[in-house]
Amino acid sequence: AQSVTQPDIHITVSEGASLELRCNYSYGATPYLFWYVQSPGQGLQLLLKYFSGDTLVQGIKGFEAEFKRSQSSFNLRKPSVHWSDAAEYFCAVGAPGGYNKLIFGAGTRLAVHP
Amino acid sequence: GAVVSQHPSRVICKSGTSVKIECRSLDFQATTMFWYRQFPKQSLMLMATSNEGSKATYEQGVEKDKFLINHASLTLSTLTVTSAHPEDSSFYICSARDRRASSYGYTFGSGTRLTVV
């Protein structure tokens, strides 16, 4: 079955510290991969996506993610977290090509200490 | 950028009544709208996919007679929860495909917190 696992429900980091949010997926083939961020009361915003090619992708707000086929992972990273990064982060997968439904992980809530 | 306005953001209704949730694409035409629900500490689960002018396609296990979806225009899709019960309390969120966008160019609404009492 297709699924996305985000092992960490809640993470707390200090401002300025580095961040890594984990995402593992189970899929028949290599899917398209996405990271979204949701701030309270707001919609999901796309941070970055991976379709093919370079396995290290850059996104908005200083985030990057690395696709590792051997580990079925697509972890999100940021070298230095800002207080404004506190939000809920969702990893998602979709079938390659076209416009297909997304399968989401349960999300990781990030808290940032000053 | 593309914006999807979802209303209401929060609604409380009595058991047995119906509630309508609207999603409007403000500056683009949404050929496809996805409706999700999210229980606390769980994933967004796709409920249905609607294309403008045609019937919605529901995911397995979603009652189409209970969750009525209408996508009558390229800028508006509605989800009506009929005869709501406490177990329908959840967070509902829509996502629209911009017909001009590249693959997977989806824009999400800000969600609706439904509480059935």
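Below or above, wherever it landed, is the structure these notes cover. In this text, all values refer to a predicted model and were calculated from it rather than measured experimentally.

Analysis parameters
- Residues numbered from 1 in each chain as written.
- Chains lettered and ligands numbered in written order.
- Predicted model: local features only at pLDDT ≥ 70, side-chain atom pairs only at ≥ 80, totals over all residues.
- Heavy atoms only, no water.
- Helix = DSSP H or I, 4+ residues; strand = E, 2+ residues; numbered from the N terminus.
- Rg over C-alpha atoms; globule rule 2.2 N^0.38 Å.
- Buried < 20%, exposed > 50% of the residue type's maximum accessible area, 1.4 Å probe, protein only.
- Contact = heavy atoms within 4.5 Å.
- Areas by Shrake-Rupley, 256 points an atom, 1.4 Å probe, with all protein chains shown as cover.
- Lys, Arg positive; Asp, Glu negative; His and termini not counted.
- Charge placed at Lys NZ, Arg CZ, Asp CG, Glu CD.
- Phe/Tyr/Trp six-rings, centres within 6.5 Å; stacked < 30°, edge-to-face > 60°.
- Salt bridge = Lys/Arg side-chain N within 4 Å of Asp/Glu carboxyl O.
- Buried area = accessible area lost by both parts, 1.4 Å probe.
- Polar contact = N/O pair within 3.5 Å; in protein donor to acceptor, adjacent residues only side chain to side chain.
- Pairing = 2+ DSSP bridges.
- Axes fitted to C-alpha atoms, helices over the stretch in contact; angles between N-to-C directions.

Quick look at the overall build of chain A
A count of helices and strands for chain A gives zero helices and 12 strands. Helices and strands in chain A line up, N terminus first, as β-β-β-β-β-β-β-β-β-β-β-β. Taken over C-alpha atoms, the radius of gyration comes to 13 Å for chain A, in line with the 13 Å a tight globule of 114 residues would show. When its C-alpha atoms are laid out on the principal axes, chain A stretches across 40 × 30 × 20 Å. Burial status across chain A gives 45% buried among its 114 residues. Considering only residue pairs separated by 6 or more positions, chain A has 54% of its internal contacts joining residues 24 or more positions apart. Carbon and sulfur atoms form 50% of the exposed surface of chain A, whose accessible area is close to 5,300 Å². Here chain A contributes 9 positively and 8 negatively charged side chains, and the mean placements of these two sets differ by 7 Å.

Quick look at the packing of aromatic side chains
Here the structure, examined in full by the defined rule, presents 15 aromatic pairs over all chains. A centroid spacing of 6.4 Å and a plane angle of 25 degrees characterise the contact between tyrosine 25 of chain A and phenylalanine 67 of chain A, whose relative ring orientation is stacked. Here tyrosine 25 of chain A is found in strand E4 (residues 24-26), whereas its partner phenylalanine 67 of chain A is found in strand E8 (residues 64-68), with 42 residues between them in sequence. Ring geometry for phenylalanine 104 of chain A and phenylalanine 108 of chain B: centres 6.0 Å apart, planes at 80 degrees, overall edge-to-face.

A closer look at the pattern of salt bridges
Counted according to the given criterion, the structure contains eight salt bridges over all chains. As a salt-bridge pair, glutamate 88 of chain A and arginine 109 of chain A come within 2.6 Å of each other at their nearest N and O atoms. Of this pair, glutamate 88 of chain A sits in strand E10 (residues 87-94) while arginine 109 of chain A sits in strand E12 (residues 108-113), and the two are 21 residues apart along the sequence. Between aspartate 88 of chain B and lysine 66 of chain B there is a salt bridge; the shortest N-O distance is 2.8 Å. One end of the pair, aspartate 88 of chain B, is in the loop between strand E8 (76-81) and strand E9 (90-98); the other, lysine 66 of chain B, is in the loop between strand E6 (57-58) and strand E7 (67-73), with 22 residues separating them in the sequence.

Some words on the interface of chain B and chain A
Chain B puts 22 residues into the contact, and the matching count from chain A is 22 residues. For the pairing of chain B and chain A, the buried interface totals around 1,700 Å² over both sides, and the portion due to carbon and sulfur atoms is 57%. For the chain B face of the interface with chain A, the top three residues by lost area are Leu44, Tyr104 and Phe108 of chain B, together amounting to 37%. Seen at the junction of chain B and chain A, the total is one salt bridge. Note that glutamate 59 of chain B and lysine 101 of chain A form a salt bridge whose closest N and O atoms lie 2.7 Å from each other. Between chain B and chain A we count five residue pairs in polar contact (both at pLDDT 80 or more) in total. Those elements giving two or more residues to the side of chain B that touches chain A turn out to be strand E4 (30-38), strand E5 (44-51), E9 and strand E10 (106-108) of chain B.

As for the sheet that holds strand E1 (residues 4-7) of chain B
All names here are of chain B. With antiparallel pairing, four strands are arranged side by side in an open sheet as E1-E3-E8-E7. What marks the edges here is a single partner per strand, and that holds for E1 and E7. Neighbour to neighbour, the strand axes of the sheet diverge by 15 degrees on average, direction disregarded. Across six bridges, the pairing between strand E3 (residues 19-25) and E8 is antiparallel. Bridge assignment links glutamate 22 to a residue of E8, and that residue is threonine 78.

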